[in-house]
Amino acid sequence: MNIALWITTGLLATVALAGGITKTFLPKEKLAAAHGGEWTAHAATGFVRTLGILELLAAAGLILPRLLDIAPVLVPVTALCWVALMIGAMITHGRLGQYPLVVLNLGYLALAAFIAWGRF
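Here the structure is a predicted model, which means the values were calculated and not measured.

In this section: unusual backbone geometry. In the Ramachandran plot, Asp69 falls in the positive-phi region, its phi being about 55° despite a non-glycine side chain. By relative accessible area, Asp69 is classed as exposed at 60%. Even without being glycine, Ala71 reaches a positive phi, approximately 50°. Within the element layout of this structure, Ala71 appears in the loop between α3 (45-68) and α4 (74-95).

Set out below in structure tokens:
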């Protein structure tokens, strides 16, 4: 079970890191032109950057506390925060009619729920 949780956590942390880097460092116009990033065209730049920073923190929060054995309870707490983030993403993509992305976000939500359940 521990190995499955580490694999799932690594996968989700990689997703969070990739999303965080793009939202934090790419220009908003480039994000808006990419598939799945259309929602950024109508969002404030600060909001997009804030989401990117939160995703970078999520990547760290999923891995580092357990790896370093410093406040490992932060791993399932981070996973629950990711669940909330994915609910928001699903609503946003659903409003834009991007149903394949809703399903993808549901998959990420399921991974985060598994991590939260397994680490609590």
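What follows deals with the confidence of the model for the chain. Across the chain, the average pLDDT comes to 96, with 100% of residues at or above 70. The spread of mean pLDDT over the elements of the chain runs between helix α2 (residues 28-33), the lowest at 92, and helix α5 (residues 99-119), the highest at 98.

The next point concerns α5. The α-helix advances 3.6 residues per turn, and as a result positions three or four apart in sequence lie on the same side. In a regular helix each residue adds 1.5 Å, so 21 residues correspond to 30 Å; α5 covers 30 Å between its end C-alpha atoms and thus fits that length. Buried within α5 we find Leu101, Val102, Asn105, Leu109, Ala112, Ile115, Ala116 and Arg119. Looking down the long axis of α5, one finds its buried residues gathered within 135° of arc, a one-sided arrangement. Turned more than 90 degrees away from the buried face of α5 sit Tyr99, Pro100, Val103 and Trp117, all of them exposed. Of the surrounding secondary structure, the elements contacted by the buried residues of α5 are α1 (2-25), α3 and α4.

Together, Val73, Leu74, Val77, Leu80 and Phe120 line one region of the surface with nonpolar side chains, adding up to about 450 Å² of accessible area. Along the chain, the position of Val73 falls in the loop between α3 and α4. Classification of Val73 by relative accessible area gives partly exposed; the value is 49%.

So, how was this worked out
Residues numbered from 1 in each chain as written. Predicted model: local features only at pLDDT ≥ 70, side-chain atom pairs only at ≥ 80, totals over all residues. Heavy atoms only, no water. Buried < 20%, exposed > 50% of the residue type's maximum accessible area, 1.4 Å probe, protein only. Helix = DSSP H or I, 4+ residues; strand = E, 2+ residues; numbered from the N terminus. pLDDT = per-residue confidence, 0-100. Expected span 1.5 Å × (residues − 1). Arc of directions from axis to C-beta. Contact = heavy atoms within 4.5 Å. Patch = residues over 30% accessible without salt bridge, like charges linked within 9 Å, V, L, I, M, F, W, Y side chains within 5 Å. Areas by Shrake-Rupley, 256 points an atom, 1.4 Å probe, with all protein chains shown as cover. Salt bridge = Lys/Arg side-chain N within 4 Å of Asp/Glu carboxyl O.

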